[in-house]
Amino acid sequence: MTDKQNAPSLRSCFDFFDNNNQHLCTYLDSAASTQKLSAALDYTDAFARHQYASVHRSAYTIASAATARYEEARKSLARFINANSDDIVFTSGATESINMIAKGLSQSMLNGSTILIVQSEHHANILPWQALAEAFSLNIKVLPLAENGVFNEQTHAHWLNEINDDVAILACAHVSNVLGNIYPVASLCKKAQEHNAISVIDGTQAVAHIKTDVAALHCDFYVFSGHKMYGPTGIGVCWGRAVMLEKLRPSKLGGEMVQAVSFEAYTAVAPPLKFEAGTPNIMGALGLAQACDFLAQHLHDIERQEAALYRHLCHKMQAIHEITMLGNESASIGIVSFYAPNADNHSLALKLYQKGIALRFGQHCAMPLLSSMGISACLRVSLGCYNNREDVDTFVSALKEALADSAEDSIEDKQYIDAR
Ligand code: PMP
């Protein structure tokens, strides 16, 4: 199926793009958050209106049915990443998942004194490790990228070389939220495994775009957020290898995660419920499972469609000489971050917003990466399964116009300064 044939059918799965809405903007900000799958909204709405009850607490009919659906949702998530459903913990999102891991590790689980963090990591995959490093006196070492955020064979070899017996944790995204780079996590995690290091893979930007099979990745933990994969906000997943979840201490304590409680102590139930204290985000889990089932059904086509659209986007952007594009062109999902070295990039972004382009400008929660590249901010366009060539062409025309406006602004500024 070509991208042209496929785009309308997937686009029609999202009410956001219906006829009343389609002139609202050209939505190219899916890496920040995706639009919501209509089927997921309908499903959770019907459940909340007509079948709602809390889960794992009571056995009256609708409560049992709600528990069954919640556990079915867990199974959908497990199937989606080729995991065992007992190893799927529902969290509020990737941020909570990584905090849950970092706060739950005890010193006896760590076999080295270094935490390796990839240079392009999101703050969510840096800050929890800083806290762990402080708590257990560990060092943080950065796995660097080549110029402009490129990952290449030399980078790969260097990173592999850094994984040794002194490494306690390897923290790496499957896909960078700024650069779009797809990192070869299977080879990195395999090496980590050989050296008894714990690998934590942030799959937040991967799962909606490339097939994920945690069994093949050799990682110990894999985390992601529902709102970047056409599902609801406030729900996400922490997958952990069973032996890891067994040893990990629960950092969120309260109702439903216990076997027995006294005023002095408690004993926890087995994972995954050990990590799900409190009433969970039931509607979030059900909506996320719907999104997963949609992705599982269409991912093959989505990968091809987004790859074709990304090539088209790169081809058009490469012809614009005023901008510098960041990250890899191959082994990348549909994310392009860029900046114009000779323009005011903030005003460039504002001009694009005014032209109806929904993209992101700023540091993308990756300040260390931007600092290492010597820039303070950049613009990012990101594709979802609903985007088409028209969206890309509209953006590229708007960008050319905005750059031309910026050039005129700076001539006017110069004339104003010269005249003074
Ligand atoms: N990791 C990556 C790679 C991300 O892109 C994001 C969201 N921008 C996060 C982690 C954090 O996700 P959330 O805010 O949903 O917890």
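The residue numbering used here restarts from 1 in each chain and proceeds along that chain's sequence as written. Restriction of local features to residues with pLDDT of at least 70 applies here, the model being predicted, together with a cutoff of 80 or more for giving and counting side-chain atom pairs; totals for whole chains, interfaces and linings are based on all residues.

Draft legend 1. Focus on the overall build of the chain. Helix and strand assignments follow DSSP, with helices taken as H or I runs no shorter than four residues and strands as E runs no shorter than two, numbered in order from the N terminus. Each helix and strand in the chain was counted, giving 13 helices and 15 strands. Its C-alpha atoms give the chain a radius of gyration of 23 Å, near enough to 22 Å, the size a compact globule of 420 residues would have. For the chain, the C-alpha atoms occupy an extent of roughly 80 × 55 × 45 Å along the three principal directions. Think of it as a crowd count around each C-beta: if 20 or more other C-beta atoms lie within 10 Å the residue is buried, if 12 or fewer it is exposed, and in between it is partly exposed, with C-beta placed from the backbone throughout. Sorting the 420 residues of the chain into buried and exposed places 46% on the buried side. This entry defines residue contacts through backbone-placed C-beta atoms, with two residues in contact when those atoms are within 7 Å. For the chain, restricting intrachain contacts to residue pairs at least 6 apart in sequence, the fraction spanning at least 24 positions comes to 73%. What the globule rule says is 2.2 Å times the number of residues to the power 0.38, and the radius of gyration is computed from C-alpha atoms.

Draft legend 2. Seen up close, helix H5 (residues 127-136). Burial in H5 covers these residues: Pro128, Trp129 and Leu132. Mapping the buried residues of H5 onto a view down its axis gives an arc of 95°, with all of them on the same face. Set apart from the buried face of H5 by more than 90 degrees, the exposed residues are Ala131 and Glu134. The inward-facing, buried residues of H5 abut helix H4 (94-104), strand E3 (114-118), strand E4 (139-143) and strand E5 (167-173). A positive phi of about 50° marks Ser137, the residue just after H5. Picture the helix axis, draw a direction to every C-beta atom, and the arc is the one those directions span.

Draft legend 3. Expanded view of the site of the ligand. Put plainly, near means the residue's C-beta atom, positioned from the backbone, lies within 6 Å of the molecule or strand in question. Taken together, 14 residues lie around the ligand, and Gly93, Thr95, His122, Asn177 and Ser225 are the ones closest in. Here the residues of the shell around the ligand sort into 4 nonpolar, 9 polar and 1 charged. In this count, Pro and Cys sit with the nonpolar residues alongside Ala, Val, Leu, Ile, Met, Phe, Trp and Tyr, while Asp, Glu, Lys and Arg are called charged and the others, Gly among them, polar.

Draft legend 4. Expanded view of the sheet that holds strand E14 (residues 360-362). Within the open sheet, the 4 strands sit side by side as E11-E12-E15-E14. Their pairing is antiparallel. Two strands in the sheet have a free side with no partner beyond their single neighbour: strand E11 (324-326) and E14. When strand polarity is set aside, the average angle formed by the axes of neighbouring strands in this sheet is 30°. When DSSP finds two or more bridges between a pair of strands, those strands are recorded as paired. Here E14 runs beside strand E15 (residues 378-382); their pairing, made up of 3 bridges, is antiparallel. Lines fitted to C-alpha atoms define the axes here, with helix axes fitted over just the stretch in contact, and angles between the N-to-C directions of these axes take values from 0 to 180 degrees.

Draft legend 5. Representation of unusual backbone geometry. Of the consecutive residues Pro271 and Pro272, the connecting peptide bond is found in the cis state with omega at 5°. The phi dihedral of His56 is positive, around 60°, even though this residue is not glycine. Relative to the helices and strands, His56 resides in the loop between helix H2 (38-51) and helix H3 (61-80). You will see that Asn82, though not glycine, has its phi angle at about 55°, which is positive. Counting through the fold element by element, Asn82 comes out in the loop between H3 and strand E2 (88-91).

Draft legend 6. Spatial organisation of the pairing of strand E12 (residues 335-339). Of all the 5 residues making up E12, 5 are buried; the element is thus mostly covered by neighbouring parts of the structure. A two-sided burial pattern is seen for E12, the buried positions comprising Ile335, Ser337 and Tyr339 on one face and Val336 and Phe338 on the other. With 3 bridges joining them, E11 and E12 adopt antiparallel strand pairing. The partner of Met325 across the bridge, within E12, is Phe338.

Draft legend 7. Geometry of the domain arrangement of the chain. Here the limits of each domain have been adopted from an automatic or database domain assignment. Partitioning the chain into structural domains gives domain 1 (3-36 + 300-419) and domain 2 (40-291). Computed over C-alpha atoms only, the centres of domain 1 and domain 2 are separated by 29 Å. Facing 26 residues of domain 1, the contacting portion of domain 2 comprises 29 residues. Elements with a minimum of two residues in the side of domain 1 that touches domain 2: helix H10 (282-318), E11, E12 and helix H12 (367-372). Grouping the constituent residues of the side of domain 1 that touches domain 2 by class yields 12 nonpolar, 10 polar and 4 charged.

Draft legend 8. Spotlight on the environment of Ile101. When you line up the elements, Ile101 lands in helix H4. Residue Ile101 is classed as buried on the basis of its 28 C-beta neighbours within 10 Å. On a C-alpha basis, the gap between Ile101 and Arg249 in space is 8.6 Å, while along the polypeptide they are 148 residues apart. Once you skip the residues sitting within four places of it in the chain, Ile101 turns out to touch Val200, Phe221, Cys238 and Leu248.

Draft legend 9. Region of interest: the pairing of strand E6 (residues 198-202). Of all 5 residues making up E6, 5 are buried, and the element is well covered by its neighbours. Burial along E6 is two-sided: Ile198, Val200 and Asp202 facing one way and Ser199 and Ile201 facing the other are all buried. Bridge analysis of E5 against E6 gives 5 bridges, and the strand direction is parallel. Within the sheet, the bridge partner assigned to Leu170 lies in E6 and is Ser199.

Draft legend 10. Seen up close, the nonpolar core. The term nonpolar core refers to a set of buried Ala, Val, Leu, Ile, Met, Phe, Trp, Tyr and Cys residues connected through C-beta atoms within 7 Å. The biggest cluster of nonpolar side chains holds 119 residues, and the ones touching the most others in it are Ile169, Leu170 and Phe221. If one sorts the elements of this core by residue count, H10 sits on top with 13 residues. Three or more residues apiece are contributed to this core by two domains, here domain 1 (3-36 + 300-419) and domain 2 (40-291). Excluding residues within four positions of it along the chain, Phe221 makes contact with Ile101, Val200, Ile201, Cys238, Trp239, Gly240 and Met244.

Draft legend 11. Structural view of the sheet that holds E2. On the basis of which strands lie adjacent, the open sheet formed by 7 strands has the order E2-E8-E7-E6-E5-E3-E4 and mixed pairing. Strands with a single pairing partner mark the edges of an open sheet, and in this sheet they are E2 and E4. Adjacent strand axes in the sheet meet at a mean angle of 20° when their direction is disregarded. Summarising the sheet, E3 and E4 pair through 5 bridges and their orientation is parallel. What sits directly across from Thr114, in E4, is Asn139. Sitting on the sheet, helix H7 (residues 185-194) touches E5 and E6, and the angle it makes with E5 is about 170°.

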